[in-house]
Amino acid sequence: MVFWRKKKNATEQEKQEQEDKVIHHPEEPEIEPPTEYEAELSEDQKHEIFEETEEEIIEELEETPVPEMTREIIEEDEELDVPEEKQGWFSRMTEGLSKSSNKITQGLTDLVTKKKLDQDLLDELEDLLITADLGPKTAAKIVEEFGKDRFGKDISEEEIRLALAESIANILTPVAKPQTFEKREDGKPFVTIVVGVNGVGKTTTIGKVAHDLMIAAADTFRAAAIEQLEVWAKRAGCPFVSKEIGSDAAAVAFEAYEKAKAEGTEVLFIDTAGRLHNKANLMAELEKIVRVLKKQDETLPHAVLLVLDATTGQNAFEQVRIFKEMMNVTGLIVTKLDGSAKGGVVVGLADEFGLPIHMIGVGEQIGDLRPFDAQDFANSLVGANS
């Protein structure tokens, strides 16, 4: 049989020949085409391949012995089945901050090669804290305080770690203020607006704290945000208020507040858009939400929570500045600390802005979002004992 093929041009032909040389070396024997043949099988082989019954197959299988459940195996199995909820919050936070902590502790190990504290060690320590995203200003403050009474003296890695934990805790303690969401004395709902750029975890954060409250989806630009909030609301058994995509966000906030008052809801959370690439429109939208709410009650909103993603590092500083221009931000929630080596940004934010830090998130589970504790966070960050 003759196969016809269109002749290639010279360039393609040369390229094909070159590829053939790479694939098949000229000194190697020619590749022969495969030979097809009919295999000769005995009657037993034919029966085994084509006719063997299911019972025959099962009978031929070797039974694998099952090990006895000794006390040692049972105890080991019980240890593995410890529910996640029983794991202490400090250990979970330490695990979540491990990327940040490892960066600092490994840096300290590399730094402390001599016993006495000198200027070179202080400079290197300051650089280490800056790379851990505490920021230049905060790093310089901590190192200056650390070197005051220790310069020229013998120093150990553990002493540095404990001193850093103390200095960091001193910065964080004034801003560690857990937020309580409770019905006001006048009987009206406590209204909280949640702001932040898209992707920081606003929706998930609202879902995790959702308990005996109403949720309003005022980010009417993204269908996914509305759908996700509705799922969280159903899971928590919370009333949910939304409108179609493209609706006026302020109208959603107004209807949610009216409904919350009518139904005697204690707390109302309002999710908002976070399109910072269009800052002017976002600012106008947020201002309108506040303006509409204040027409109902001059004290509204009672809280404006800014959610920040720790993985953004120093960019979080700029986000705080921008949203402070737009809104009267009353507190921060920092999420995704488990996915970043930039946990030190929490310290820098506290030192720079002094805004209350209400909660931090170190994982995906509901229990991984907890009220912020200054001393525990400081200890976890530098690898000090609790």
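Everything numeric here is computed off the predicted structure, so don't read it as measured data.

### A closer look at the confidence of the model for the chain
And step 1. Across the chain, the average pLDDT comes to 79, with 71% of residues at 70 or higher.
And step 2. The model gives residues 1-8 a pLDDT under 50, and that stretch makes two contacts with residues more than four places away or in other chains.
And step 3. When the criterion is pLDDT under 50, residues 61-86 qualifies, and its contacts beyond four places in sequence or with other chains add up to six contacts.

### Section: the sheet that holds strand β2 (residues 214-217)
And step 1. As summarised here, the arrangement of the eight strands in space is β3-β2-β4-β1-β5-β6-β7-β8, forming an open sheet in which the pairing is mixed. Where the open sheet ends on each side, the last strands, each with one partner, are β3 (240-241) and β8 (369-371).
And step 2. Sheet topology note: the strand β7 (residues 357-361)/β8 ladder contains three bridges and is antiparallel. In the strand pairing of β8, Gly-361 is matched with Leu-369.
And step 3. Across the sheet, helix α12 (residues 249-263) lies against β1 (190-195), β2, β3 and β4 (267-271), angled at about 165° from β2, the strand it touches most.

### Details of the pattern of salt bridges
And step 1. Under the defined criterion, the tally for this structure stands at 16 salt bridges.
And step 2. The residue Glu-159 makes a salt bridge to Arg-150 at a minimum N-O spacing of 3.6 Å.
And step 3. Residue Glu-159 is classed as partly exposed on the basis of its relative accessible area of 32%.
And step 4. Asp-297 is the partner of Lys-188 in a salt bridge, and the nearest nitrogen-oxygen pair spans 3.8 Å. One end of the pair, Lys-188, is in the loop between α9 (157-172) and β1; the other, Asp-297, is in the loop between α13 (279-296) and β5 (303-309), and 109 residues separate them in sequence.
And step 5. Residue classification places Lys-188 among the partly exposed residues on the basis of a relative accessible area of 32%.
And step 6. Ionic contacts of the salt-bridge type, sharing partners, join the residues Lys-137, Glu-318, Arg-321 and Glu-352 into one network.

### Section: the packing of aromatic side chains
And step 1. In this structure the tally under the stated criterion is two aromatic pairs.
And step 2. A ring pair is formed by Phe-317 and Phe-353, whose centres lie 6.1 Å apart and whose planes are at 45°; its orientation type is tilted. On the criterion of sequence distance, the pair formed by Phe-317 in helix α14 (residues 315-326) and Phe-353 in helix α15 (residues 345-353) is long-range, its members being 36 residues apart.
And step 3. Under the relative-accessibility criterion, Phe-317 is labelled buried at 7%.
And step 4. A cation over an aromatic ring shows up here: Arg-235 above the ring of Trp-232, its NZ or CZ 4.7 Å from the ring centre.
And step 5. Stacked on the ring of Phe-221, the Lys or Arg Arg-275 has its end atom at 4.4 Å from the ring centre.

Conventions adopted
- The residue numbering used here restarts from 1 in each chain and proceeds along that chain's sequence as written.
- At least 70 in pLDDT is required for a residue's local features to be given in this predicted model, at least 80 for side-chain atom pairs to be given and counted, and no such filter applies to totals for whole chains, interfaces and linings, which use all residues.
- For the side-chain quantities, the full set of heavy atoms in the structure was used; hydrogens and water were omitted.
- A score from 0 to 100, pLDDT tells how confident the predictor is in each residue.
- Residue contacts are counted whenever heavy atoms from the two residues lie within 4.5 Å of one another.
- Strands are labelled as partners when DSSP assigns at least two bridges between them.
- Secondary structure elements are defined from DSSP: runs of H or I of at least 4 residues count as helices, runs of E of at least 2 residues count as strands, and each element is numbered from the N terminus.
- As a rule, the C-alpha atoms of each element are fitted with a line to give its axis, helices using only the stretch in contact, and angles between N-to-C directions run from 0 to 180 degrees.
- The term salt bridge refers to a pairing of a side-chain nitrogen on Lys or Arg with a carboxyl oxygen on Asp or Glu at a separation within 4 Å.
- Relative accessible area decides the class of each residue, using a 1.4 Å probe on protein chains only: under 20% of the type maximum gives buried, over 50% gives exposed, and in between gives partly exposed.
- Here is the rule: rings of Phe, Tyr and Trp (six-membered ring for Trp) pair when centre to centre is within 6.5 Å. Planes less than 30 degrees apart are stacked, more than 60 are edge-to-face, and the remainder are tilted.
- Distance and angle both matter: a charge sits over a ring if NZ of Lys or CZ of Arg is within 6 Å of the ring centre and within 35 degrees of the ring normal.

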